Amino acid sequence: MGWGGGDKGGKGVSRLRVGSWNIGNLTGKSIELAKILQKRKINIACVQETRCVGLKARDTDGFKLWVSGRERDKNGVGILVDRDLTELVIEVRRVNDMLMAIKLVVGGSTLNMISATRIKWVWARKLRGVSGKNLTGGDFNGHIRATSGGYDGVHSGFGFGVRKGGGTSLLDYAKAFDLVIANSCLQKREKHLVTFRSLLSKTQIDYLLLQKCNRSLCMDYKVIPSENIMTQYRLLVMD
């Protein structure tokens, strides 16, 4: 992700890599997850279905992890930030066990990272007042289809499959909040589009969303199918 500030907290890094991953259950996987993020040079990662509870941040092998969860073994979202960026986190907002956000000041600009499972407009309105650049990573359980189909400006025409499930709701949400779906911005091979694969199906249900005015921040994106902390969900990254 190109970063206009020219550095990462004054450390001479001008690009960030962000990711999103439904990990199924974080219990017993945090070190393995951190090692994958390090190997893939991911600076910030949104994770879903963590099944974790608690409000405290904790260190995880080079990352700091914030979680939002109310019941163990149910839902839960989280955000991991690499150690070079943790000192730049100035706010953490936990809405519920399916939505949370952190705010960082990077290179003089504000970045709001939002981790979500599903979309409910009433939740999103609680974050609508946040200022700065907003980026959302989540499992939205919806199919936006391969072409834009009436959602030009939100869907850039490079999606996957047919529209069904919560895909229309996601597109309506993105349109209402002036967002663009990063997964649709660049032409990719199928294996770099599919975020969920089982013996019976292959679908695209996990997405990264950013504001239209910040579309240029997305230099590239892809699904990395070879990382399989979860056997069915794939790691989604954006540069």
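The coordinates are above.
Bear in mind that the values here come from a model prediction, so they are computed numbers and not experimental data.

Colleague: Before we go on, may I ask you to explain the sheet that holds strand β2 (residues 44-48) in this structure?
Modeller: The strands making up a sheet associate through backbone hydrogen bonding, with each pair oriented either parallel or antiparallel. Within the open sheet, the 7 strands sit side by side as β3-β4-β5-β2-β1-β17-β16. Their pairing is mixed. Each edge of the sheet is formed by a strand with only one pairing partner; in this case those strands are β3 (58-60) and β16 (221-224). Across the sheet, the axes of successive neighbouring strands diverge by a mean angle of 25°, strand direction being ignored.

Colleague: Would you mind showing me how to read the sheet that holds strand β9 (residues 133-139) here?
Modeller: Strand order in this open sheet of 6 strands is β6-β7-β8-β9-β15-β12, and the pairing throughout is mixed. Unpaired on one side and paired on the other, β6 (89-96) and β12 (179-181) mark the two borders of the sheet. Taking each pair of neighbouring strands and ignoring which way they run, the sheet shows an average axis angle of 20°. Bridge analysis of strand β8 (residues 109-117) against β9 gives 7 bridges, and the strand direction is parallel. Bridge pairing in β9 places A116 opposite G138.

Rules of the game
Residues numbered from 1 in each chain as written. Predicted model: local features only at pLDDT ≥ 70, side-chain atom pairs only at ≥ 80, totals over all residues. Heavy atoms only, no water. Pairing = 2+ DSSP bridges. Helix = DSSP H or I, 4+ residues; strand = E, 2+ residues; numbered from the N terminus. Axes fitted to C-alpha atoms, helices over the stretch in contact; angles between N-to-C directions.

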